[in-house]
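Structural overview
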Amino acid sequence: MATEGQRVVLITGCSSGIGMGIAVRLARDENQRYYVIATMRDLKRKDKLVEAAGDAYGRTLSLLTLDVCSDESVKQCVDSVKDRHIDILINNAGVGLVGPVEGLSMEDMANVFETNFYGAVRMIKEVMPDMKRRRSGHILVISSVMGLQGVAFNDVYSASKFAIEGFCESLAVQLLKFNVTLSMIEPGPVHTEFEMRMIEDVSKKEFAGTDAETLHHFRTCYLTGAVNIFQALGQTPKDIAKVTQKVIESPRPPFRNLTNPLYTPIVALKYADDTGSLSVHTFYHMLYNLGGVMNVSVGLMKCLSCGCIRKRTISPI
Ligand SMILES: NC(=O)C1=CN([C@@H]2O[C@H](COP(=O)(O)OP(=O)(O)OC[C@H]3O[C@@H](n4cnc5c(N)ncnc54)[C@H](OP(=O)(O)O)[C@@H]3O)[C@@H](O)[C@H]2O)C=CC1
Ligand SMILES: CC1=C(/C=C/C(C)=C/C=C/C(C)=C/C=O)C(C)(C)CCC1
């Protein structure tokens, strides 16, 4: 149980990746300032987290079952927290979905929205009223750079992150009146099971109903580009956990928090041209023309800052 002065943190999706990284970092805080409730939909997947937490498990870290897609599970979990008192809610649970739209089922698309959008909304709806009553609390959402700038073949995943961005941007204003803070964490590529699943899906899934030309673009240009981007810019869950802790501890936490300065120029394209054409044409060029030869860390970043892509993309495709 949390002791006097400790802040109670509830995190969703802690069986792997970023959620696990944040849970371990906060639970192992040397001054024991946090009492972490790490949740996951299946406690059979707890072993890696328990091992990484070491002696923090049972002291500053406890586990609860929680499926963000179920009203009942969310309510049961929050009700089982002492006095329902949660100081910091971290919405991390999420699923990816890559592929040409015509090759994806509506069911898979709905699951992405059910988890990434409604899952976070369901959590916020359950926890926020208590925070408003107490006039204190911090809600964080692990969103994505794809919630700020769409990426080809990630149409539905990106849309789910845009949705949560719009929801939170609106809600943050109202919450300020109650001294409740809302912050978005915006990672670029991070090496987790998410990456493995993405690479496996691109190469192995059938995407029935997709024409051969599109499938070819997806399996060659996109896969090569994505692998390059992960290799050159990929962060670790520890990097994201560090940024998240900094945001939690900031006296005035910013609303949006990009975690990766190397990815920032890609997002910045959008703000450099309010017609949106610069990003659409630059991404076209990066995806279809630079493809396999694109060395993201050096070549691409140089191209973006010297403006050569801009010149080349002014002519219509
Ligand atoms: N990896 C990346 O490149 C990036 C990831 N993100 C975001 O970070 C977050 C974490 O992803 P990441 O750590 O990379 O990926 P992982 O696949 O490693 O982790 C996702 C976590 O979400 C959990 N989860 C999925 N569905 C549910 C559900 N219905 N209820 C509760 N938990 C659920 C998974 O649990 P289970 O074990 O049960 O499947 C797992 O613990 C996501 O929101 C993702 O969109 C953002 C930017 C980049
Ligand atoms: C930028 C970019 C690409 C890929 C970006 C990727 C793959 C980003 C991954 C971000 C993640 C994983 C976010 C998770 O939420 C392409 C399409 C290769 C070429 C066009 C420009």
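Parameters at a glance
- Residues numbered from 1 in each chain as written.
- Chains lettered and ligands numbered in written order.
- Predicted model: local features only at pLDDT ≥ 70, side-chain atom pairs only at ≥ 80, totals over all residues.
- Heavy atoms only, no water.
- Buried < 20%, exposed > 50% of the residue type's maximum accessible area, 1.4 Å probe, protein only.
- Helix = DSSP H or I, 4+ residues; strand = E, 2+ residues; numbered from the N terminus.
- Pairing = 2+ DSSP bridges.
- Near = heavy atom within 4 Å.
- Polar contact = N/O pair within 3.5 Å; in protein donor to acceptor, adjacent residues only side chain to side chain.
- Nonpolar A, V, L, I, M, F, W, Y, C, P; charged D, E, K, R; others polar.
- Arc of directions from axis to C-beta.
- Axes fitted to C-alpha atoms, helices over the stretch in contact; angles between N-to-C directions.
- UniProt positions renumbered as here; feature names shortened; annotations may be inferred.
- Areas by Shrake-Rupley, 256 points an atom, 1.4 Å probe, with all protein chains shown as cover.
- Phe/Tyr/Trp six-rings, centres within 6.5 Å; stacked < 30°, edge-to-face > 60°.
- Core = buried A, V, L, I, M, F, W, Y, C linked by side-chain atoms within 4.5 Å.

Some remarks on the pairing of strand E6 (residues 180–186)
Burial analysis of E6 places six of its seven residues in the buried class, the great majority of the element. Inspection of the sheet shows strand E5 (residues 137–142) paired to E6 by six bridges, in the parallel sense. Along E6, the bridge assignment pairs glycine 137 with valine 180. Pairing of E6 with strand E7 (residues 256–258), which is carried by three bridges, proceeds in the parallel orientation. The partner of glutamate 186 across the bridge, within E7, is leucine 258.

What about the environment of threonine 264?
Mapped onto the elements, threonine 264 comes out in helix H9 (residues 264–272). Look at threonine 264 and you get partly exposed, because its relative accessible area is 29%. Between the C-alpha atoms of threonine 264 and glycine 188, which are 76 residues apart in sequence, the distance is 8.8 Å.

Observations concerning the site of ligand 2
Neighbouring ligand 2 are 14 residues; Ser144, Met146, Tyr157, Gly225 and Met286 lie closest to it. With respect to ligand 2, the side chain of serine 144 contributes an N or O atom lying 2.5 Å from an oxygen atom. Of all elements in the fold, only helix H7 (212–233) and helix H10 (277–290) reach the threshold of two or more residues within the shell around ligand 2. The leading source of residues in the shell around ligand 2 is H7, at five residues. A class-by-class count of the residues in the shell around ligand 2 yields twelve nonpolar, two polar and no charged.

Considerations on H9
Taken together, the buried positions of H9 are Ile266, Val267 and Leu269. Along the axis of H9, the buried positions cluster into a sector of 135°, meaning they face one direction only.

Things to note about the sheet that holds E5
On the basis of which strands lie adjacent, the open sheet formed by seven strands has the order E3-E2-E1-E4-E5-E6-E7 and parallel pairing. Since the sheet does not close on itself, it has two edges, and those belong to strand E3 (61–65) and E7, each with one partner. Each strand of the sheet is rotated relative to its neighbour by a mean of 20°, with strand direction disregarded. Examined bridge by bridge, strand E1 (residues 7–11) and strand E4 (residues 88–91) share three bridges and lie parallel to one another. Counted as the bridge partner of leucine 10 is leucine 89 from E4.

Remarks on the UniProt feature "domain: Ketoreductase" (unreviewed entry) in the protein chain
If you check UniProt for "domain: Ketoreductase" (unreviewed entry), the listed places come out as residues 7–193 in our numbering. Summarising residues 7–193: 42% helix, 18% strand, and an end-to-end C-alpha distance of 29 Å.

A few points about the site of ligand 1
Near ligand 1 there are 31 residues, and of these Ser15, Arg41, Arg45, Tyr157 and Thr192 occur at the shortest range. Contacts to ligand 1 include aspartate 67, whose side-chain N or O atom sits 2.9 Å from a nitrogen atom. A distance of 3.0 Å separates a nitrogen atom of ligand 1 from a polar backbone atom of valine 68. Considered on its own, ligand 1 offers 890 Å² of accessible surface; in the complex 95% of this is hidden by protein. Examining the composition of the shell around ligand 1, we find that three residues originate from one element, helix H6 (residues 193–204), more than from any other.

Quick look at the packing of aromatic side chains
Taken as a whole, this structure holds eight aromatic pairs when the rule is applied. Ring geometry for phenylalanine 117 against phenylalanine 167: centres 5.9 Å apart, planes inclined by 90°, an arrangement best described as edge-to-face. Of this pair, phenylalanine 117 sits in helix H4 (residues 106–134) while phenylalanine 167 sits in helix H5 (residues 155–176), and the two are 50 residues apart along the sequence. The class of phenylalanine 117 is buried, set by a relative accessible area of 14%. For the pair phenylalanine 218 and tyrosine 222, a centre-to-centre distance of 5.7 Å together with 20° between the ring planes defines the contact as stacked. In this pair, phenylalanine 218 and tyrosine 222 both sit in helix H7, four residues apart, roughly one turn of the helix. Ring pairs connect the aromatic residues Phe153, Phe207, Phe218 and Tyr222, which therefore count as one cluster.

Digging into the nonpolar core
Residues Met198, Val202, Phe218, Tyr222 and Tyr263 are the most contacted members of the largest nonpolar core, which totals 34 residues. If you list the elements that add at least two residues to this core, you get H4, H5, H6, H7, H9 and H10. Among the elements that make up this core, the one with the highest residue count is H7 (nine residues). Core analysis: the second largest hydrophobic core is formed by 30 residues, Ile37, Met123, Ile164 and Ala172 among them.

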